[in-house]
Structures are given as structure tokens and as C-alpha cells.
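Each chain, written out:
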Amino acid sequence: MLLALLCIIWGNAVRPALFLNPDTDVGDILSYIPKAVLRKLEDRVPQDFLCELRPVTILFLHLNFDTKDIVSFRSVLSEVSSLMQEIICPHKGEVNKVFLFDKGCTFLCVFGLPGVKLAHESIHALQSAFQIFNSCSKIIAKTGTASVSVTSGMAFCGLIGHPLRHEYTVIGQKVNLAARMMMSYSGLVTCDSTTCASSGLPSCYFKELPERKMKGFKHPVTVYQYVGITTNSIFGMALAMKMPDNASLLGRKKEIDLFVNCLEASNRFGQRHILAFEGARGAGKSQLLNHLSQLGQSAGCRYRVLSCSFGTLLLSIPESHGTLQPLGQCALALD
């Protein structure tokens, strides 16, 4: 009797909109299906093979502002949604969920879904998080705060729920950790130690935060604040590593001579130069930057660090602004 009653209740709970007529235009509906699922469906992959454990990078955005003002809330939500797509799509990220409750709005984004796995995934996620944080902070500056967290690791990616109400999502400890970090460290861009290590970025881009007890984690978790890839952070890193006056770099005479010649050409003839030094991780680009910065200060010449990532150190002599910064970003695929 109870089983029959449950069947009747369940049968009435199925949404009629799920059953479409054969001549219904499904173009609008496809925009609500995750791209990872659409790619699998286009390849005629069985639904049983849509579920897997895979390494992904999770990004949570929390907007803490008053949702009672419906007009303002709708405007903010629309602007942030468009902004999220504009920022993460070039980095092959996807918005998986949007949560709305009395304390604000939360976005769950995923990098590394099937078919769109990129190299340097952690850097793409961190750069996206930094851009999203800065833009959203300006949007809700007068009404609330924005918080962004990034974690990396294994997670379940696949379908959950009743066959008639499937949902493609990500589940795992790293997803829970990102959600806890987002709420525990409000107003910051945070990441876990795995993301920090896998990014390969210098330590000056991160700041270790005080440990806080988070629900669901027995032991404290190491959390870092991501301060962003900026000229100030790179230049500050170089100045912090003060070298002795009698110290010299071994095996870097060619690079140093090239830099000195460009300095002289800039001081005497006003010539402009852009120098690019490439090297593998750990090759000594940071030490080279430190040495060149001291040479530049001694010569009284100002120059600009356009970028120092993805194995390339890019310098502009003399200091210049405008179109050179976007040029450097495009050359290093940071855009």
C-alpha cells in the first residue's frame, strides 16, 4: 500500500515539461546543458560512460550582498553572469551551478572537464579568479563583498539524480574545501596548497593565511591568498632578493651584456627595446630579473616588467605603457 502511494506521488512529481513533442525546437534548451555533456552526446557516448573520476580545478565565487532589492539583485546577477562567461570561457572553464539564498549568490565553476583540459590549468584558474574578484568587487562595492576560492584535485564528474531529472555536476573533497574556504576567508582570493604548488608561480604571488577551523575537516588546512600576477609583485620580488655587491651570475654573461647594451642605447639615443628571456622552470629567471633590476637602478634607467610566467621573462626598456602590456600578454597566451 505504501509503495503504491509513493509511486503515485512520484508519478505526479515528474515535470511535464521534460516530455517534449517531436517537433519542439530544442535549440534554446541546449544552452542550459553543460558543454562537456553536449560533446559526449554528439559523440554518441552512452550515459553510463559520462561519469568518471578526473583531476579538475574548482573555482567558487560568493557575492555577499542584500538580495531583498529585486531590481538591484536582478541587475547585479545579470552583469556578473555575463562577466563570468567572458572571463572563464577563454580559459576553457564552465559555470556548473548558481546558488541563490538570503546571504547572497554563489557560482561554481570547473576547469578541466572532458575535452577541454589545458596545460597550466592552475594558472588559468587563478588568473580567472583574480579578474573575477576585481570586477565583482567594483560591481557590488557599495552593497557587499566578493570572495573567490580555487582548489585542485580529483573529483567525481558525471550525472546524478533520477534518470528523468539528471544533473551533471562535480562532487569531491576538493569541491567541499573550496566552498569552505570561500566562506571562511571573506573578501579574498584564496587557493589551497595543491593549486599553489601546481601553478609553479614564485612565492611572492601568494601569502599564507592564518589557519581556521572549517566544517568537515578534522585538521587545519593550509590556505594561501593569491595576490595576482602584476608588475608590482614581480618588481617587488626582485628588490626583495638583495644580492651582495661582489656577487655575479654564472653563465649569464650574454643576457647581462644584452641588457646593458640596451640600457646604454636607451640613455644615449632614446631607443626602445623589448627583451624576452626564455627558460624552463628553475632555470634562474627570477635571479636574472633580480640582477638586471639592480643594474638598471645603478644606471638610473627605468624599465617595465611586462610579464614573468610560462617560462618567459619579458622586459621593456625604457619604461613604457599603453599597447605594450596587452602585447606581452598576448605573446604569453595570458589573455
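Here the structure is a predicted model, which is why all the values come from computation and not from measurement.

Cut-offs used in this document
Residues numbered from 1 in each chain as written. Predicted model: local features only at pLDDT ≥ 70, side-chain atom pairs only at ≥ 80, totals over all residues. Heavy atoms only, no water. Helix = DSSP H or I, 4+ residues; strand = E, 2+ residues; numbered from the N terminus. Buried < 20%, exposed > 50% of the residue type's maximum accessible area, 1.4 Å probe, protein only. 1 Å grid on protein atoms, 1.4 Å probe; cavity = no way out; pocket = protein on both sides within 12 Å on 5 of 7 lines; lining within 4 Å. Points joined across faces, edges and corners; volume = space filled by probe spheres on them. Nonpolar A, V, L, I, M, F, W, Y, C, P; charged D, E, K, R; others polar. Salt bridge = Lys/Arg side-chain N within 4 Å of Asp/Glu carboxyl O. pLDDT = per-residue confidence, 0-100. Contact = heavy atoms within 4.5 Å.

Visitor: Report on unusual backbone geometry, specifying residues and quantitative values.
Guide: Backbone geometry at Arg-44 places phi at a positive 55°, although glycine is not the residue there. Turning to its location among the elements, Arg-44 is positioned in the loop between α3 (35–42) and β1 (52–65). If you check the backbone angles, His-120 has positive phi at about 55° while not being a glycine. Look at His-120 and you get partly exposed, because its relative accessible area is 40%.

Visitor: How would you sum up empty space enclosed by the protein? Please name residues and give values.
Guide: Overall, the coordinates contain one cavity of 30 Å³ or more when judged by the stated rule. The volume enclosed by the largest cavity comes to roughly 30 Å³. Along the walls of the largest cavity sit His-91, Phe-111, Gly-112, Val-116, Leu-118, Glu-121 and His-124, which together make up its complete lining. Grouping the amino acids of the lining of the largest cavity by side-chain chemistry returns three nonpolar, three polar and one charged.

Visitor: Requested: an account of the pattern of salt bridges, with residues and values cited.
Guide: Using the criterion set out here, one finds six salt bridges in the structure. The residue Arg-39 makes a salt bridge to Glu-94 at a minimum N-O spacing of 3.4 Å. Here Arg-39 is found in helix α3, whereas its partner Glu-94 is found in strand β2 (residues 93–101), with 55 residues between them in sequence. The exposure class assigned to Arg-39 is partly exposed, which follows from its relative accessible area of 26%. On the basis of relative accessible area, Glu-94 is assigned to the buried category, the value being 12%. With its nearest N and O atoms 2.8 Å apart, the salt bridge here joins Lys-253 to Asp-257. Of the two residues, Lys-253 and Asp-257 both sit in helix α9 (residues 253–269), four residues apart, roughly one turn of that helix.

Visitor: With reference to specific residues and values, describe the confidence of the model for the protein chain.
Guide: On average, the protein chain scores 76 in pLDDT, and the residues at 70 or more come to 73%. Taken together, the stretch residues 1–11 has pLDDT below 50 and engages in one contact with residues farther than four places along the chain or on a different chain. In this model, residues 320–335 is a region of pLDDT below 50 whose contacts with residues beyond four sequence positions or in other chains number 22 contacts.

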